[in-house]
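Architecture at a glance
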Number of protein chains: 2
Amino acid sequence: MHLKIQCEYVGTKFAGFQTQKGQRTVQAELEKAISHYFATPVKVVGSGRTDAGVHAVGQIVSCLCPREDVKIYQFLLGVNSYLPSDISVTAAEILPKFNARSDAKAKTYIYKCYISPTRHPARDLDHWQLYKPVDVERLRAQAAVLVGQHDFTAFCAEVGDKSPIRTIYSLDIQTPQPDEIWFVIRGNGFLHNMVRIIVGTLIDGRAIAPVLNSRDRRQAGKTAPAKGLTLYNVEY
Amino acid sequence: MHLKIQCEYVGTKFAGFQTQKGQRTVQAELEKAISHYFATPVKVVGSGRTDAGVHAVGQIVSCLCPREDVKIYQFLLGVNSYLPSDISVTAAEILPKFNARSDAKAKTYIYKCYISPTRHPARDLDHWQLYKPVDVERLRAQAAVLVGQHDFTAFCAEVGDKSPIRTIYSLDIQTPQPDEIWFVIRGNGFLHNMVRIIVGTLIDGRAIAPVLNSRDRRQAGKTAPAKGLTLYNVEY
């Protein structure tokens, strides 16, 4: 049996999701707490890595379930009692077979910005501050160009061996308040820094089509700061 | 001339608004930064005190303006450069006469709760966690009893010499998400801990009328935690 575990974290004080020697990571904290709960070493697989400073409200991880008789409610309370205050498990499920990475069908990220010449401390934790107004209709028109299946090499920090082809199902620009802009992006998967480079390029005001077609990272805008990004949801 | 200054702060690391010897307070940080900007000692008056741990997005303070030729935009950037990251001034205005405390006509506070058996770190900063579902329609019916002019002695930590009569103009219970409950309360003024005791008593499920009529603090519920409370707006 496998455990499907939903977790939430404030990324500010983590060196990202993936275990790295000598660093405080989400994966290491989860493995420590789950291993402690089951009193046996447990390794978890995440739906994907999040970078240092990136938050999650709906990250999914999986592991082999070391016992058959797990009571979910007790598991949640138990594991949370071993986790620090900036991370928690919020739901869990026992499934015959489940891999958080390879079974993931779609992910949704939200990138939040606020527009103000002055800092807003209450939003500083999970927003990128923009100093000047943005043309939201232009943003929406340019964002629409990214929807669909494309080679996103221009929007990737380092392509490596993996295919740079991804599909963006939707990219909505929301304005929940007049001084807030949220990018809600849903796709079948994302390359390294892809969401942050997309947001940086859109805010830059660049025309997207030539950047996309160039397959050249240097044609895109800067990488938007990690703290504005939240992994919202993973679908299976 | 007087300065009307709007400020925002995350209350977590402050021992409240009012200056206290040897403590980190909002008032002391503001006075230090504004005095630094004008290169002369400046004392500020707040619209009211907020307790340790309480946040504000629309706190208003006033001071005598030490110079006639203040440029607001430069003042905002200058003062903010002297403020720590958990506080900022977000707007300012020069007025012939203005006192943030005595001129205040109405204040709006928002108290945020979320309902979940597990912690949600992303909301922990400014929400009170409730472990069990709440009957929102009952909350609304009981909240309505508080609207109007009443003696709020039962909802006050210590009445002292001041009149315990206050007027609540509105008390809306909002559910922006299914697992969120916000209390939005607007009144002409609030006694010490009044909003937090109102929220604690409503969540407790008590009938409000007998508590209000008793004028006895012991009849009300516990004081809801400071971190859920935000001073949203002050009207003049």
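Residues numbered from 1 in each chain as written. Chains lettered and ligands numbered in written order. Predicted model: local features only at pLDDT ≥ 70, side-chain atom pairs only at ≥ 80, totals over all residues. Heavy atoms only, no water.

1. A short note on the relation of the copies chain A and chain B
Turning chain A through 180 degrees and shifting it by 0.0 Å along the axis lays it on chain B, with an RMSD of 0.0 Å. Here the transformation between the copies is reduced to the relation of a two-fold axis. Residue A:Leu125, judged by its C-alpha, is the member of chain A lying nearest the rotation axis, at 5.0 Å. Both copies present the same face, since 100% of the interface residues in chain A are matched by interface residues at the equivalent positions in chain B. (Least-squares fit on C-alpha atoms with pLDDT ≥ 70 in both. Contact = heavy atoms within 4.5 Å.)

2. Notes on the interface of chain A and chain B
Contact residues are listed per partner, giving 22 residues for chain A and 22 residues for chain B. Contact between chain A and chain B buries roughly 1700 Å² in total, counting both sides, with carbon and sulfur atoms accounting for 55%. Counting across the interface, chain A meets chain B through zero salt bridges. At the boundary of chain A and chain B, one finds 12 residue pairs in polar contact (both at pLDDT 80 or more). A class-by-class count of the residues in the side of chain A that touches chain B yields 12 nonpolar, six polar and four charged. (Buried area = accessible area lost by both parts, 1.4 Å probe. Salt bridge = Lys/Arg side-chain N within 4 Å of Asp/Glu carboxyl O. Polar contact = N/O pair within 3.5 Å; in protein donor to acceptor, adjacent residues only side chain to side chain. Nonpolar A, V, L, I, M, F, W, Y, C, P; charged D, E, K, R; others polar.)

3. Structural notes on the domain arrangement of chain A
Residue and element names in this part refer to chain A. Partitioning chain A into domains gives domain 1 (2-95) and domain 2 (106-235). Taking only C-alpha atoms into account, the centre of domain 1 sits 27 Å from that of domain 2. Between domain 1 and domain 2, the contact holds 16 residues from the first and 15 residues from the second. Among the residues of domain 1 in contact with domain 2, Asp51, Val54 and His55 are the three that bury the most area, contributing 41% of the side total. If you look at where domain 1 meets domain 2, you find one salt bridge. In this structure, the salt-bridge partner of aspartate 51 is arginine 196, at a minimum N-O distance of 3.4 Å. Viewed at the interface, domain 2 and domain 1 are joined by nine residue pairs in polar contact (both at pLDDT 80 or more). Taken together, the residues of the side of domain 1 that touches domain 2 sort by class into six nonpolar, eight polar and two charged. (Domains from an automatic or database assignment.)

4. Details of the packing of aromatic side chains
Summed over the entire model, instances satisfying the criterion amount to 16 aromatic pairs over all chains. Measuring from ring centre to ring centre gives 5.1 Å for A:Tyr37 and A:Phe38, while their planes differ by 80 degrees; the resulting arrangement is edge-to-face. When the ring of A:Tyr37 is compared with that of A:Phe75, the centres are 5.5 Å apart and the planes differ by 85 degrees; the resulting orientation is edge-to-face. Of the two residues, A:Tyr37 sits in helix H1 (residues 26-38) while A:Phe75 sits in helix H2 (residues 72-82), which places them 38 residues apart along the sequence. Comparing A:Tyr37 with A:Phe75, the two get one shared label, buried. Ring-pair connections join several aromatic residues into one group, and the members of that group are A:Tyr37, A:Phe38 and A:Phe75. Stacked on the ring of A:Trp182, the Lys or Arg A:Lys112 has its end atom at 4.4 Å from the ring centre. Across from the ring centre of B:Phe14, 4.2 Å away, lies the NZ or CZ of B:Arg24, which sits over that ring. (Phe/Tyr/Trp six-rings, centres within 6.5 Å; stacked < 30°, edge-to-face > 60°. Helix = DSSP H or I, 4+ residues; strand = E, 2+ residues; numbered from the N terminus. Buried < 20%, exposed > 50% of the residue type's maximum accessible area, 1.4 Å probe, protein only. Lys NZ or Arg CZ within 6 Å of the ring centre and 35° of its normal.)

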